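Breakdown of the fold
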Amino acid sequence: MCRIMKKLGEAELEIMQVVWNENHPLTSNYILKQLQGRRKWKLSTLMTSLSRLSDKGYLSCDRSTGSNLYTFMISENEYRTKESRHFLEKLYNNSIQNMVATLYHNQELDTDDIKELRDFLDELKEAEQ
């Protein structure tokens, strides 16, 4: 993953989640309908955001069908990986151990969370062997 991604704002992330969830080209009207209840947007507001996401390289817009069809250019997994790495670097000096220690010492992780994490890591280790 060497391409540089610009950070998504909260509203942009909500739009991208709609696009990622469907995993096929979507119309702006479909996206607007999926955002109802979360955003009170007019179509023109959404179109501005879709254009911005296109400019940032997150979406492509196919205009050949008579209606604009939007498809993601950056996958959800690619975005999550980049944002997770950035988060760790910025807040925890690139250390997962520092992050877990902070959460544990501030009682944001309980015994069940630690067990779940330990089980998950054991499963990953077993899958490698």
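Residues numbered from 1 in each chain as written. Predicted model: local features only at pLDDT ≥ 70, side-chain atom pairs only at ≥ 80, totals over all residues. Heavy atoms only, no water.

1. A short note on the overall build of the chain
Note the threshold: Helix and strand definitions here come from DSSP, where helices need a minimum of 4 consecutive H or I residues and strands a minimum of 2 consecutive E residues; each element is numbered from the N-terminal end. Based on C-alpha atoms, the radius of gyration is set beside the globule rule, defined as 2.2 Å times the residue count to the power 0.38. Any residue under 20% of the maximum accessible area for its type is buried, any over 50% is exposed, and the rest in between are partly exposed; the area is computed with a 1.4 Å probe on protein chains only. Contacts: residue pairs with any heavy atoms within 4.5 Å of one another. The protein chains shown are the only cover counted for residues, whose accessible areas, like all others here, come from Shrake-Rupley with a 1.4 Å probe. Positive charges come from Lys and Arg, negative ones from Asp and Glu, while His and the chain ends are left out of the count. A charge is said to be at NZ when it belongs to Lys, at CZ for Arg, at CG for Asp and at CD for Glu.
What the chain contains, in helices and strands, is six helices and two strands. N-terminal to C-terminal, the α/β element order of the chain is α-α-α-β-β-α-α-α. For 129 residues, the compact-globule estimate of 2.2 N^0.38 gives 14 Å, and the chain exceeds it by more than 25% at 19 Å. Principal-axis analysis of the C-alpha atoms gives the chain an extent of 55 × 35 × 25 Å. Evaluated residue by residue, the chain yields a buried proportion of 26% over its 129 residues. Nonlocal contacts in the chain, meaning residues at least 24 apart in sequence, comprise 47% of its contacts between residues at least 6 apart. Roughly 9500 Å² of accessible area belongs to the chain as shown, and the carbon and sulfur atoms make up 49% of that amount. Averaged over its 18 positive side-chain charges, the chain has a centre that lies 10 Å from the centre of its 20 negative ones.

2. Focus on the nonpolar core
As a reminder of what qualifies: Among buried residues, those of type Ala, Val, Leu, Ile, Met, Phe, Trp, Tyr and Cys that are joined through side-chain atoms within 4.5 Å constitute a nonpolar core.
If you look at the biggest cluster of nonpolar residues, it comprises 22 residues, and the most contacted ones within it are Ile15, Ile31, Leu46 and Tyr58. When contributions to this core are tallied by element, the ones reaching two or more residues are α1 (10-22), α2 (28-35), α3 (43-55) and β1 (59-62). It is α1 that contributes the most residues to this core, six residues altogether. If we skip the residues at most four places from it in the chain, tyrosine 58 touches Met5, Lys6, Leu8, Met16, Leu53, Thr71, Phe72, Met73, Ile74 and Tyr79.

3. Things to note about unusual backbone geometry
Unusually for a residue other than glycine, asparagine 94 sits at a positive phi of about 60 degrees. Mapped onto the elements, asparagine 94 comes out in the loop between α4 (76-92) and α5 (96-105). Phi is positive for glutamine 107, which is not a glycine, with a value near 55 degrees. By relative accessible area, glutamine 107 is classed as exposed at 71%.

4. Examining the pattern of salt bridges
Side chains bearing opposite charge may pair, as long as their charged atoms lie close to each other. The line we're drawing: Any Lys or Arg side-chain nitrogen found within 4 Å of a carboxyl oxygen on Asp or Glu counts as a salt bridge.
Under the definition given, this model contains seven salt bridges. Across the pair glutamate 83 and lysine 7 runs a salt bridge, and its minimum N-O distance is 2.9 Å. On the criterion of sequence distance, the pair formed by glutamate 83 in helix α4 and lysine 7 in the segment before α1 is long-range, its members being 76 residues apart. What makes glutamate 83 buried here is its relative accessible area of 14%. The shortest N-O distance in the salt bridge between arginine 39 and glutamate 10 comes to 3.9 Å. Of this pair, arginine 39 sits in the loop between α2 and α3 while glutamate 10 sits in helix α1, and the two are 29 residues apart along the sequence. Under the relative-accessibility criterion, glutamate 10 is labelled exposed at 63%.

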